[in-house]
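Results of the structural survey
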Amino acid sequence: MFSLPQLPYDHAALEPVLSRTTLHTHHEKHQKTYVDNVNGLLAEAGRRPASLEEVIIQAAGDPSSRKLFNNAAQVWNHTFFWNSMSPNRQAPGESLSGAIDRAFGGLAGLKDAFVAEGAAHFGSGWVWLACESGALKVLSTHDAEDLVTHQGLAPLLVCDVWEHAYYLDHKNDRKGFLSAWFDALPNWSLADSQHAAVIGGGELWKHPLPTSAEAGTASASIR
Ligand code: FE2
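The sections below set out a description of the structure shown in this document. From a predicted model like this one, the values you see are computed outputs, not experimental measurements.

**So, the overall build of the protein chain**
Across its full length, the protein chain carries eight helices and three strands. Along the protein chain, helices and strands appear, N-terminal first, in the series α-α-α-α-α-β-β-β-α-α-α. Radius of gyration (C-alpha) of the protein chain: 17 Å, near the 17 Å computed for a compact globule of 223 residues. Dimensions along the principal axes, computed over C-alpha positions, put the protein chain at roughly 50 × 40 × 30 Å. Expressed as a percentage of its 223 residues, the buried residues of the protein chain come to 50%. Nonlocal contacts in the protein chain, meaning residues at least 24 apart in sequence, comprise 67% of its contacts between residues at least 6 apart. Placing the 16 positive and 24 negative side-chain charges of the protein chain at their respective mean positions leaves the two points 2 Å apart.

This is how it looks when you write it as structure tokens:
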């Protein structure tokens, strides 16, 4: 059984880009619904998976498990999203900065690419900074699609571009939301850690494990 992960900061810590009300609704309504749906579907199937990644990969390969995939991937994406943000304004570390310079000509170029990708994305989805074979790229995924099932494509940061992520605070101005988000909120420490893991063959971020004693596992810490 999966638990709703705690936010790694206070609900008001990301203001003014994301309000306390948005964080409460997004976390305790939207993500909680996805968590509850995953737990319900797994209970119906009598399954006790060892990890959320296992659930996502299995469901992605089974067309009859689309509902489970959508809900499990949305749990993963949201938890990674919470960890992709920090109340403390940061800058990328030296190694990642070099990679950003090579791929985008600098942080301003990355921002332009990230905001443009998210603003142009049609409908609901996610915009990612990712790393593939050491090279950085910006891409977006539709609806619940995540990068867990994309072998070799490691997420460094993600921003939610479903309307529920920004509509209360930014109305229909997705581009303005993305621009403000990129300036103030990226958790570059996470991006540095993910990038270092790709370059050095280390361990990438994993979703917290199921908390049920029946699963025989303990909670994982969130980096
Ligand atoms: Fe969301």
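**Considering the coordination of the iron ion**
Surrounding the iron ion are the protein donor atoms His26 (NE2), His78 (NE2), Asp160 (OD) and His164 (NE2), which sit 1.9 to 2.1 Å from the metal. Mapping the donors of the iron ion onto the primary sequence yields the spacing H-x51-H-x81-D-x3-H. Note that His78 is positioned in helix H3 (residues 66-83) and His164 in helix H6 (residues 163-170), a separation of 86 residues in sequence. By relative accessible area, His78 is classed as buried at 0%.

Conventions and cut-offs
- Residues numbered from 1 in each chain as written.
- Predicted model: local features only at pLDDT ≥ 70, side-chain atom pairs only at ≥ 80, totals over all residues.
- Heavy atoms only, no water.
- Helix = DSSP H or I, 4+ residues; strand = E, 2+ residues; numbered from the N terminus.
- Rg over C-alpha atoms; globule rule 2.2 N^0.38 Å.
- Buried < 20%, exposed > 50% of the residue type's maximum accessible area, 1.4 Å probe, protein only.
- Contact = heavy atoms within 4.5 Å.
- Lys, Arg positive; Asp, Glu negative; His and termini not counted.
- Charge placed at Lys NZ, Arg CZ, Asp CG, Glu CD.
- Donors = N, O, S within 2.8 Å, 3.2 Å for Na, K, Ca; no water.

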